[in-house]
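Listed here are the chains, written in short residue letters.
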Amino acid sequence: MTILGLFWFSSAVYYLSDWPTLIILLEIANGLIFLMFAYILVDHKLFKLVEIIFLLLNVLLTLTDQVGVIDIIYLVILLIVIYLYILLQKGNKILKKGKYYDI
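Residues numbered from 1 in each chain as written. Predicted model: local features only at pLDDT ≥ 70, side-chain atom pairs only at ≥ 80, totals over all residues. Heavy atoms only, no water.

(A) Examining the overall build of the protein chain more closely. Scanning the protein chain from terminus to terminus reveals four helices and zero strands. Listing each helix as α and each strand as β along the protein chain from the N terminus yields α-α-α-α. With 103 residues in all, the protein chain has 31% of them scored as buried. For the protein chain, contacts bridging at least 24 residues in sequence account for 53% of all contacts bridging at least 6. Just so you have it, the protein chain exposes about 7200 Å², and 73% of that area is on carbon and sulfur atoms. (Helix = DSSP H or I, 4+ residues; strand = E, 2+ residues; numbered from the N terminus. Buried < 20%, exposed > 50% of the residue type's maximum accessible area, 1.4 Å probe, protein only. Contact = heavy atoms within 4.5 Å. Areas by Shrake-Rupley, 256 points an atom, 1.4 Å probe, with all protein chains shown as cover.)

(B) The layout of surface pockets, seen in detail. Roughly 730 Å³ of volume is contained in the largest pocket. Together, 22 residues line the largest pocket, and Trp8, Trp19, Glu27, Asp65 and Asp71 are the ones closest to its centre. Of all elements in the fold, only helix 1 (2–14), helix 2 (21–39), helix 3 (45–64) and helix 4 (69–89) reach the threshold of two or more residues within the lining of the largest pocket. If one sorts the elements of the lining of the largest pocket by residue count, helix 2 sits on top with six residues. A breakdown of the residues in the lining of the largest pocket according to their chemical character gives 13 nonpolar, six polar and three charged. (1 Å grid on protein atoms, 1.4 Å probe; cavity = no way out; pocket = protein on both sides within 12 Å on 5 of 7 lines; lining within 4 Å. Points joined across faces, edges and corners; volume = space filled by probe spheres on them. Nonpolar A, V, L, I, M, F, W, Y, C, P; charged D, E, K, R; others polar.)

Below you can see the structure in the form of C-alpha cells.
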C-alpha cells in the first residue's frame, strides 16, 4: 500500500501545474488513505473490509476513466497489491515473516 500511496503523491506533484486543484487534492487524499492503511495496524475485520473495498473502488475508478499507459501500470500494481493482501489475510506463511508487514 505504501507504493500506491507514493504513486498518488508523485502523480499529484507531476501534474501540479496542468490539472485543476480539486483533482490534485483528490490524488493527495488518495495517497494519504493508502499510507494510512499501510501504517495503521488495526487487526479488526471491519477495518480489513474497508481496506479491500477501498482497493476495489480504486480498480473501478481506474477502469471507468480514460485508460492510458500510466493507468495500466497503476492497475497492474493495484491488482498485485490486492492479490498479496488476500494472501496475507488467508495466512500465507511465506508473506508473514514478521509480526507486522506492509504491502
